[in-house]
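Spelled out from the first residue to the last, the chains are:
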Amino acid sequence: MSQDGAEAAETDGDRSPAPILLDASSFAKAFGTTKALVHGDLLVRAGEIHALVGHNGSGKSTFIKTLAGYHDPDAGRLLVRGTGKVTSCPR
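Below: a short report on this structure. Given the structure is predicted, the values throughout are model-derived calculations rather than measurements.

Attention now moves to the overall build of the chain. Regarding its fold elements, the chain presents one helix and four strands. Reading the chain from its N terminus to its C terminus gives the helix and strand order β-β-α-β-β. In the chain, which comprises 91 residues, the proportion classed as buried is 30%. Across the chain, the fraction of contacts at a sequence separation of at least 24, relative to all contacts at a separation of at least 6, is 47%. For the chain, the accessible surface area stands at approximately 6500 Å², while carbon and sulfur atoms represent 53% of it.

Structure representation (structure tokens):
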């Protein structure tokens with residue numbers, strides 16, 4: 001596998017990319033004047049496994065809670081299975 005994980009996104013045989021299951025881009029969330037999340041991006045294709053890692057206070061929990069709908073994003077776009085659910089926040 002290459003360092004960028006390109007092979008992981010491919011299907012067996014035909015080398016076409018696997019379908020996109022989740023596409024989150026430019027997610028942002030602030031609590032008062034504290035910017036908890038700035039430009040959170042995640043693209044997940046079928047068959048992929050991802051880990052979310054970072055330092056304490058880097059926005060990991062806020063990003064997951066925003067994706068899950070626990071927090072409303074201040075900005076960003078969320079596509080589920082390519083079409084389906086689209087959330088856009090214009091801030």
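Below, the discussion takes up the nonpolar core. One finds Leu22, Ala24, Phe27, Leu37, Val44, Phe63, Leu67 and Leu78 forming the largest nonpolar core, which totals eight residues. No other element matches the three residues that strand E1 (residues 20-31) contributes to this core. Ignoring sequence-local partners within four residues, the contact set of Val44 consists of Pro19, Ile20, Leu21, Leu22 and His50.

This part covers helix H1 (residues 60-68). Every buried residue belonging to H1 is among Thr62, Phe63, Thr66 and Leu67, and all of these are buried. One side of H1 holds all its buried residues, which, seen down the axis, span an arc of 130°. H1 presents Ser61 and Ala68 as exposed residues on the side facing more than 90 degrees away from its buried surface. The inward-facing, buried residues of H1 abut E1, strand E2 (34-45) and strand E3 (75-80).

For the rest of this paragraph, the subject is the side chain of Asp23. Position of Asp23 among the secondary structure elements: in strand E1. Under the relative-accessibility criterion, Asp23 is labelled buried at 17%. Reaching out from Asp23, the side chain makes a polar contact with the side chain of Arg77 at a distance of 3.3 Å. When near neighbours in sequence (up to four residues on either side) are disregarded, Asp23 contacts Leu42, Leu43, Arg77, Leu78 and Leu79.

For the structure on display, the rule yields two salt bridges. Residues Asp23 and Arg77 are paired through a salt bridge, measuring 3.3 Å at the closest nitrogen-oxygen approach. Taken together, the residues span a long stretch of sequence, with Asp23 in strand E1 and Arg77 in strand E3 at a distance of 54 residues. Among the residues examined, Arg77 registers a relative accessible area of 33% and is labelled partly exposed. Between Asp74 and Lys29 there is a salt bridge, with the nearest N and O atoms lying 3.9 Å from each other. Of this pair, Asp74 sits in the loop between H1 and E3 while Lys29 sits in strand E1, placing them 45 residues apart in sequence.

About the cut-offs
Residues numbered from 1 in each chain as written. Predicted model: local features only at pLDDT ≥ 70, side-chain atom pairs only at ≥ 80, totals over all residues. Heavy atoms only, no water. Helix = DSSP H or I, 4+ residues; strand = E, 2+ residues; numbered from the N terminus. Buried < 20%, exposed > 50% of the residue type's maximum accessible area, 1.4 Å probe, protein only. Contact = heavy atoms within 4.5 Å. Areas by Shrake-Rupley, 256 points an atom, 1.4 Å probe, with all protein chains shown as cover. Core = buried A, V, L, I, M, F, W, Y, C linked by side-chain atoms within 4.5 Å. Arc of directions from axis to C-beta. Polar contact = N/O pair within 3.5 Å; in protein donor to acceptor, adjacent residues only side chain to side chain. Salt bridge = Lys/Arg side-chain N within 4 Å of Asp/Glu carboxyl O.

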